[in-house]
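Single-letter residue listing:
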Amino acid sequence: MTDVKKELLYTGKAKNVYKTENDDEVLIEFRDDITALDGGKKDTLNKKGAYNALISSKFFKILEDEGILTQFIKLINENEMIAKSLDMIPLEVICRNIATGSLLRKYPFHKNQHLQPPVLQFDYKNDVYHDPMLNDSIIIALEIATEEQLQQIRQITLKINKVLSEFLYERGLILVDFKVEFGFDKDGNIVLGDEISPDTTRLWDSETHKNFDKDIFRKGEEGVVDAYEVVVNLVLNDEEKQKWNID
Ligand code: CDP
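Counting restarts for each chain, with residues numbered from 1 along the sequence as it is written. Per-residue local features are limited, in this predicted model, to residues with pLDDT of at least 70; the limit for side-chain atom pairs, both in listing and counting, is 80 or more; totals at the level of whole chains, interfaces and linings are taken over all residues. Hydrogens and waters are ignored; side-chain quantities use all the structure's heavy atoms.

- As recorded by an unreviewed UniProt entry, the protein chain carries the name Phosphoribosylaminoimidazole-succinocarboxamide synthase and is attributed to Methanosphaera cuniculi.
- UniProt positions are given in the numbering used here, feature names are shortened, and annotations may be inferred rather than shown by experiment. Taken directly from UniProt, the Catalytic activity (unreviewed entry) text for the protein chain runs: "5-amino-1-(5-phospho-D-ribosyl)imidazole-4-carboxylate + L-aspartate + ATP = (2S)-2-[5-amino-1-(5-phospho-beta-D-ribosyl)imidazole-4-carboxamido]succinate + ADP + phosphate + 2 H(+)".
- For the protein chain, the Sequence similarities (unreviewed entry) comment in UniProt is given as "Belongs to the SAICAR synthetase family."

So this is what it looks like as structure tokens:
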């Protein structure tokens, strides 16, 4: 516990969000809980929260440097982040560079087909309706976002994809696909929120295509946290590793 934490605002599947003294900021705690299959598979894995917080903060800093607005302010602990408070848009924006997973089950893509331009998909973040896929007209009719806002969300997501794909490829990983979420800040800007971590991406070794992400857990295999630790080691620089005691 830190003294910054106040009242719990929201608890999700893997994170808690707390109020802080400043109404414009929240504290996001990354927990060690991991879930998959619409909450049907659960576990608690020591250090998972810290690794995701470290990886997500690093990605958000890189994206900020490239001019993308993010929620990230600072990490105050290895698993606690101070972030801009946002009015979240209930969309899961999925961006895919390689056809895998449900794309192969639902559509006639070839296994590992390169998707250029990347495939963008919008799912409704709604547990009651089990996150159904949306299209532009449904999003606009439900007043989730306007056409202009959707266009902006598409552009930002493609830029995130380009920046992170290049950063990861230089470190031996392929960004196969990922999910992002956005919110509005107090000035009405569309800002990247939530997290980008091995929980929300598919990361493959560029040579062997071995997974370094939550698919290991989804498949019921061992070594989830070890894989996340490999990602931490690949993305953090020496100074960051020293600061957070990463070997
Ligand atoms: O690709 P497939 O349809 O099998 O699965 P998906 O759930 O649509 O996942 C696509 C990508 O988005 C993966 O990198 C997931 O980790 C991520 N995702 C997520 O982080 N959270 C969700 N609720 C849904 C997808």
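Picking up where we left off.
## Examining the sheet that holds strand β7 (residues 80–84)
- Should DSSP find at least two bridges between two strands, the strands are regarded as paired. Counting from the N terminus, the helices are DSSP H or I runs at least four residues long and the strands are E runs at least two residues long. Here five strands make up an open sheet; going across it, the order is β1-β2-β3-β7-β6 and the pairing antiparallel. In the strand order of this sheet, the two ends are held by β1 (8–11) and β6 (72–77), each with one partner. Direction aside, the axes of adjacent strands within the sheet are offset by 25° on average.
- In this sheet, β7 lies alongside β6 in antiparallel orientation, the contact comprising four bridges. Lines fitted to C-alpha atoms define the axes, with helix axes restricted to the stretch in contact, and inter-axis angles between N-to-C directions lie between 0 and 180 degrees.

## Some points on the packing of aromatic side chains
- Each aromatic pair joins two rings of Phe, Tyr and Trp (for Trp, the six-membered one) with centres within 6.5 Å, and gets the label stacked for planes under 30 degrees apart, edge-to-face for over 60, and tilted for any other angle. This model, assessed by the stated rule, comprises two aromatic pairs.
- Ring centres of phenylalanine 59 and phenylalanine 167 lie 6.4 Å apart, and the angle between their planes is 85°; this geometry places the pair in the edge-to-face category. Highlighted residues: phenylalanine 59 in helix α1 (residues 48–65) and phenylalanine 167 in helix α4 (residues 147–169), separated in sequence by 108 residues. Accessibility assignment for this pair places phenylalanine 59 and phenylalanine 167 in one class, buried.
- Relative to phenylalanine 109, the ring of tyrosine 107 has its centre 6.2 Å away and its plane inclined at 70°; by these criteria the two rings are edge-to-face. Relative accessible area decides the class of each residue, using a 1.4 Å probe on protein chains only: under 20% of the type maximum gives buried, over 50% gives exposed, and in between gives partly exposed.

## So, the pairing of strand β3 (residues 25–30)
- Taken across its six residues, β3 has five buried, putting it largely inside the fold.
- Examined bridge by bridge, strand β2 (residues 15–19) and β3 share five bridges and lie antiparallel to one another. Pairing of asparagine 16 across the sheet is with glutamate 29, part of β3.
- Taken together, β2 and the strand that follows it, β3, pair antiparallel across an intervening segment of five residues.

## A look at the pairing of strand β14 (residues 201–205)
- Most of β14 is tucked away, with four of its five residues classed as buried.
- Pairing analysis gives five bridges linking strand β12 (residues 173–184) to β14, with the strands arranged antiparallel. Across the sheet, isoleucine 174 pairs through a bridge with tryptophan 204, a residue of β14.

## As for α4
- A helix's residues, less one, multiplied by 1.5 Å, set its expected span. Here α4 is 23 residues long and its end C-alpha atoms lie 33 Å apart, about the 33 Å a rise of 1.5 Å per residue gives.
- Listed in full, the buried residues belonging to α4 are Leu150, Ile153, Ile156, Thr157, Ile160, Asn161, Val163, Leu164, Ser165, Phe167 and Leu168.

## Some points on α1
- Over its 18 residues, α1 runs 26 Å from end to end, which matches the ideal 26 Å to within 8%, given 1.5 Å per residue.
- Among the 18 residues in α1, 15 count as buried, and that is most of the element.

## Observations regarding the pattern of salt bridges
- Criterion for a salt bridge: a side-chain nitrogen of Lys or Arg within 4 Å of a carboxyl oxygen of Asp or Glu. Applying the stated criterion across every chain yields a total of 19 salt bridges.
- Salt-bridge contacts for glutamate 166 lead to lysine 162; the nearest nitrogen and oxygen are separated by 3.3 Å. Of this pair, glutamate 166 and lysine 162 both sit in helix α4, four residues apart, roughly one helical turn.
- Overall, glutamate 166 belongs to the partly exposed group, its relative accessible area being 42%.
- The salt bridge partner of arginine 202 is aspartate 215, with a shortest N-O separation of 2.7 Å. You can see arginine 202 sitting in strand β14 and its partner aspartate 215 sitting in helix α5 (residues 215–218), a full 13 residues away along the chain. No difference in accessibility class separates arginine 202 from aspartate 215, as the two residues are buried.

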